[in-house]
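Working through the structure, step by step
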Amino acid sequence: MLSKEAAAVRESLIEHGLETPMVDNGLSRAEKRERIQGLMAEVAGTLGLDLSDDSLIDTPARIAKMYVDEIFCGLDYNEFPKIAQIENKMKLEEMVKVRDIGVLSTCEHHFVTIDGIAKIAYLPKDTIIGLSKINRIVRFFAQRPQVQERLTQQIMVALQTLLETDDVAVHIDATHYCVKARGVMDEQSQTETLALGGVFKTDPIRRAEFMA
Ligand SMILES: Nc1nc2c(ncn2[C@@H]2O[C@H](COP(=O)(O)OP(=O)(O)OP(=O)(O)O)[C@@H](O)[C@H]2O)c(=O)[nH]1
Ligand SMILES: [Zn+2]
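Residues numbered from 1 in each chain as written. Chains lettered and ligands numbered in written order. Predicted model: local features only at pLDDT ≥ 70, side-chain atom pairs only at ≥ 80, totals over all residues. Heavy atoms only, no water.

1. Quick look at the overall build of the protein
For the protein, the helix and strand inventory stands at eight helices and seven strands. Each of the three principal axes of the protein carries a C-alpha extent, and together these read 65 × 45 × 30 Å. Among the 212 residues that make up the protein, the fraction classed as buried is 39%. Roughly 12,100 Å² of accessible area belongs to the protein as shown, and the carbon and sulfur atoms make up 52% of that amount. Averaged over its 25 positive side-chain charges, the protein has a centre that lies 4 Å from the centre of its 33 negative ones. (Helix = DSSP H or I, 4+ residues; strand = E, 2+ residues; numbered from the N terminus. Buried < 20%, exposed > 50% of the residue type's maximum accessible area, 1.4 Å probe, protein only. Areas by Shrake-Rupley, 256 points an atom, 1.4 Å probe, with all protein chains shown as cover. Lys, Arg positive; Asp, Glu negative; His and termini not counted. Charge placed at Lys NZ, Arg CZ, Asp CG, Glu CD.)

Structure below.
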C-alpha cells in the first residue's frame, strides 16, 4: 500500500501529463535484479569483456542492484519519502527558500549522470513541510531516468500537491555527462531549467526574489 502522500503525488503527475513513462511489467524487485543481472552479463560479454576475471565477475550483479535499489529506485512509489507536515499555526506568509540542494540524476537518453543543484521556494498556506523533506523529494525524482525539464516540473507539482498551494518555484542548474563525457564533449556547459507556479509565474517581483 502506498502512503497517502505518494498516491496523491502520483495522481497529480498523471493529471498534469508529467509522470515518467512507465509500464507495469509485474516484476518484483528481486525479479528485476535477477533479469538485469543476466542482461548486463550479455552486454559485458558482447563487449568482449572476460566475466570470469575476479574484478568483473560481480559487475552484472552490481549494476542490477545499482539500477533497481539505488539510482532508479525513484521509479517505485513505495520509496516515496515519509512526509512531515505541520500546520502553519505561526501564520507564516513569507517565502521559504532552500538553496544548493544536490541533484544527482541519470539522463534517460544515455543512462549517464546529471549532476547539479536545485533551488526551491514556496509561499506557505495552511501547512509547512519539514525542510529535509524538500531534499528528499528532489532525490526521489532524481533517482529515475530523467530529462531535466521533467524532473524540474515533477518536483514543483509534487510540492504543490503536498503543500496545497500553487506558489512553488523550482530551479535546477546541472551538468549533463552525456554532453560532457561523450557526444559533443563540452566540458563547460550547464543547463538551467525553471518551473514556476502561482505567484512566482504571475508576479515579476516574486520571481525576481526567487531568482536572486
Ligand atoms: N531536453 C533535454 N535533452 C537532453 C537531456 N539530457 C540529454 N538530452 C539530449 O538528448 C538528445 C538525444 O539526441 P540524439 O541525437 O537522439 O542522441 P545522440 O546521437 O547521442 O546525440 P548527441 O548527444 O548529440 O551525440 C541529445 O541532444 C542530448 O543532449 C535533458 O535533460 N533534456
Ligand atoms: Zn543524455
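Read on for the rest.
2. Some remarks on the site of ligand 1
For ligand 1, the full set of nearby residues is Cys107, His109, His110, Val147, Gln148, Glu149, His176, Cys178, Val179, Arg182 and Gly183. One nitrogen or oxygen atom from the side chain of His176 is found 3.3 Å from a nitrogen atom belonging to ligand 1. At 2.9 Å from an oxygen atom of ligand 1 is found a side-chain nitrogen or oxygen belonging to Arg182. When ligand 1 is considered free in solution it has 630 Å² of accessible area, and contact with the protein chains removes 49% of it. Put simply, the parts of the chain that give the shell around ligand 1 at least two residues each are helix H5 (148-163) and helix H6 (177-180). Looking at the shell around ligand 1, its residues break down into four nonpolar, five polar and two charged. (Near = heavy atom within 4 Å. Polar contact = N/O pair within 3.5 Å; in protein donor to acceptor, adjacent residues only side chain to side chain. Nonpolar A, V, L, I, M, F, W, Y, C, P; charged D, E, K, R; others polar.)

3. Details of the pairing of strand S2 (residues 96-107)
Along any regular strand, the residues point their side chains to alternate faces of the sheet. The pairing of S2 with strand S3 (residues 113-122) spans nine bridges and is classified as antiparallel. Directly across from Val96, in S3, lies its bridge partner Tyr122. Turn length for the S2-S3 hairpin, with the two strands adjacent in sequence and antiparallel, is five residues, and the turn residue Phe111 shows positive phi of about 60 degrees. Summarising the sheet, S2 and strand S5 (residues 145-146) pair through two bridges and their orientation is parallel. Residue pairing in the sheet places Cys107 in a bridge with Gln146 of S5. (Pairing = 2+ DSSP bridges.)

4. Here's the deal with the UniProt feature "domain: GTP cyclohydrolase I" (unreviewed entry) in the protein
Here, the residues flagged by UniProt with the feature "domain: GTP cyclohydrolase I" (unreviewed entry) are residues 41-211. For residues 41-211, the end-to-end C-alpha separation is 46 Å, with 37% helix and 26% strand making up the annotated structure. (UniProt positions renumbered as here; feature names shortened; annotations may be inferred.)

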